[in-house]
Amino acid sequence: MKTLVLANQKGGVGKSAVATLLSQHLVRRGHRVLAVDFDHQGNFTSPVTLSKRATVSSTTADQLMSTPGARVPPDPFVLVPAADGLMALERQPVNHTPFARNLQGFIRSVDAHFDVCVIDTNPSPDIRLIAAMAVADFVLSPIQLNQEAIDGVRALLHHPRVGLNKIKAVLNPKLKLIGLLPTMLEPTPFQKANFLGLINHYLPMLIKVGEGAGQLASIPKRSAIAEAQAEGLLLWEMKKTAAREAWAEIEPSLQRIADIVLARDLAHAV
Ligand SMILES: Nc1ncnc2c1ncn2[C@@H]1O[C@H](COP(=O)(O)OP(=O)(O)OP(=O)(O)O)[C@@H](O)[C@H]1O
Ligand SMILES: [Mg+2]
């Protein structure tokens, strides 16, 4: 099993939407997926539950950290849902090391049952994010194209507590950044200029989907994606043509990420 964490301390950038779409894509391709929602807001839990495609475990995400020996059903698509208990974990600093160790034990215990574990995180640098990054193989960072978000890339790498460099140095040397995934793209001059700025500063951190210049993974802004998230629908099954078109637009980016996670293209990850 490979474990992928969606992380960006900026709120509302599309982490939960990407976690949902990527999980659906992996399941559609026949992979066994464990979906874990570490954000008490439950924006990954809700669409996956509503879609009725996953087994929702009675073990909740906070218990993966608070309880040694947590278990989930051995089904092909399992959701470990968010719960209010997630909010209490940060307030128990003496238990942070056991929390991270329990999560690590759990991830090891399900290694043979799933191909990919997708973990969605909350947008604050707390123990949930640290424990997730400490056990993960990969980080994927959805990013919106505004200056503030682009400035936030520095925090993703250099934050003193949850920055990728710190986690790699102290807790998890195997952690790899798949890359930055621009989300909610709109064809406005403002966003185009910001995309160019991102390319100028951070090209090695963007995810190539083809050999041509500018063939980079991204997710456009589409009302069908917000609708699918809210109602737990699968884009490719929705009646609206616009929804199926949105799926066709994003599928190459999701496939590229899936290929990297499933180690068919390790050369890319940095
Ligand atoms: N590509 C998209 N097109 C249109 N709407 C989108 C897209 N991606 C996400 N959204 C919508 O934008 C809102 C924020 O997205 P999402 O919840 O995925 O962000 P997030 O980074 O997980 O937020 P948080 O930091 O609060 O967890 C949601 O209402 C979601 O449905
Ligand atoms: Mg979210």
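Residues numbered from 1 in each chain as written. Chains lettered and ligands numbered in written order. Predicted model: local features only at pLDDT ≥ 70, side-chain atom pairs only at ≥ 80, totals over all residues. Heavy atoms only, no water.

**Student:** Is there a simple way to explain the packing of aromatic side chains in this structure?
**Tutor:** The description of two aromatic rings rests on the distance between their centres and on the angle between their planes. Counted according to the given criterion, the structure contains one aromatic pair. Geometrically, the ring pair formed by Trp236 and Trp247 is tilted, given 4.7 Å between the ring centres and 50 degrees between the ring planes. Taken together, the positions of Trp236 in the loop between α9 (223-231) and α10 (241-261) and Trp247 in helix α10 put the pair eleven residues apart, joining distant regions of the chain. In this structure, Arg28 is placed above the aromatic ring of Trp236, and the distance from its NZ or CZ to the ring centre is 4.3 Å. (Phe/Tyr/Trp six-rings, centres within 6.5 Å; stacked < 30°, edge-to-face > 60°. Helix = DSSP H or I, 4+ residues; strand = E, 2+ residues; numbered from the N terminus. Lys NZ or Arg CZ within 6 Å of the ring centre and 35° of its normal.)

**Student:** Any chance you could explain the nonpolar core here in plain terms?
**Tutor:** Counting residues in hydrophobic clusters, the biggest one holds 53 residues, and the most contacted among them are Leu34, Val36, Phe38, Leu180 and Leu198. Per-element tally for this core: the top contributor is helix α5 (residues 127-135), with seven residues. Within the second largest apolar cluster, 39 residues are counted, among which are Leu22, Phe77, Val118 and Ile257. (Core = buried A, V, L, I, M, F, W, Y, C linked by side-chain atoms within 4.5 Å. Buried < 20%, exposed > 50% of the residue type's maximum accessible area, 1.4 Å probe, protein only.)

**Student:** Please clarify how the sheet that holds strand β1 (residues 2-6) should be interpreted in this entry.
**Tutor:** Adjacent strands of a sheet pair through backbone hydrogen bonds, lying either parallel or antiparallel. In space, the seven strands of this open sheet follow the order β3-β4-β2-β5-β1-β6-β7, with parallel pairing throughout. Strands with a single pairing partner mark the edges of an open sheet, and in this sheet they are β3 (55-56) and β7 (176-183). Judged from the three bridges that link them, β1 and strand β6 (residues 138-144) form a sheet pairing that is parallel. When the sheet's bridge partners are listed, Leu6 is paired in β6 with Leu140. Sheet strands touched by α10: β1, β5 (116-120), β6 and β7. Its angle to β7, the strand with the most contacts, is close to 170 degrees. (Pairing = 2+ DSSP bridges. Contact = heavy atoms within 4.5 Å. Axes fitted to C-alpha atoms, helices over the stretch in contact; angles between N-to-C directions.)

**Student:** Looking at this structure, how should I read the site of ligand 1?
**Tutor:** Near ligand 1 lie 20 residues; those nearest to it are Val13, Lys15, Ser16, Ala17 and Pro220. Here an oxygen atom of ligand 1 sits 2.9 Å away from a polar atom, N or O, in the main chain of Gly12. Here a nitrogen atom of ligand 1 sits 3.0 Å away from a polar atom, N or O, in the main chain of Arg222. Among the elements of the structure, α1 (15-28) and α9 are those that each provide at least two residues to the shell around ligand 1. (Near = heavy atom within 4 Å. Polar contact = N/O pair within 3.5 Å; in protein donor to acceptor, adjacent residues only side chain to side chain.)

**Student:** Can you help me understand the environment of Asp126 in this one?
**Tutor:** Relative to the helices and strands, Asp126 resides in the loop between β5 and α5. Along the primary structure Asp126 and Ala243 are separated by 117 residues, whereas in three dimensions their C-alpha atoms are 35 Å apart. If we ignore the near neighbours within four places in the chain, the residues touching Asp126 are Glu90 and Arg161. At 3.0 Å, the side chain of Asp126 and the backbone nitrogen of Arg128 are in polar contact.

**Student:** Sorry, what's going on with α9 here?
**Tutor:** Spacing of three or four residues puts side chains on the same side of an α-helix, whose turn is 3.6 residues. Restricting attention to buried positions, one finds in α9 the residues Ala224, Ile225, Ala228 and Gln229. Burial along α9 is one-sided: seen end-on, the buried residues are contained in an arc of 140 degrees. Away from its buried face by more than 90 degrees, α9 exposes Ser223, Ala226 and Ala230. On its buried side, α9 packs onto α1, α2 (45-51) and α10. At the C-terminal side of α9, Gly232 shows a positive phi close to 70 degrees. (Arc of directions from axis to C-beta.)

**Student:** Looking at this structure, how should I read α5?
**Tutor:** Burial analysis of α5 places nine of its nine residues in the buried class, which makes it a mostly covered element. When we look at burial in α5, the residues that qualify are Ile127, Arg128, Leu129, Ile130, Ala131, Ala132, Met133, Ala134 and Val135. Where α5 begins, the capping side chain belongs to Asp126, and its oxygen is found 3.0 Å from the backbone nitrogen of Arg128.

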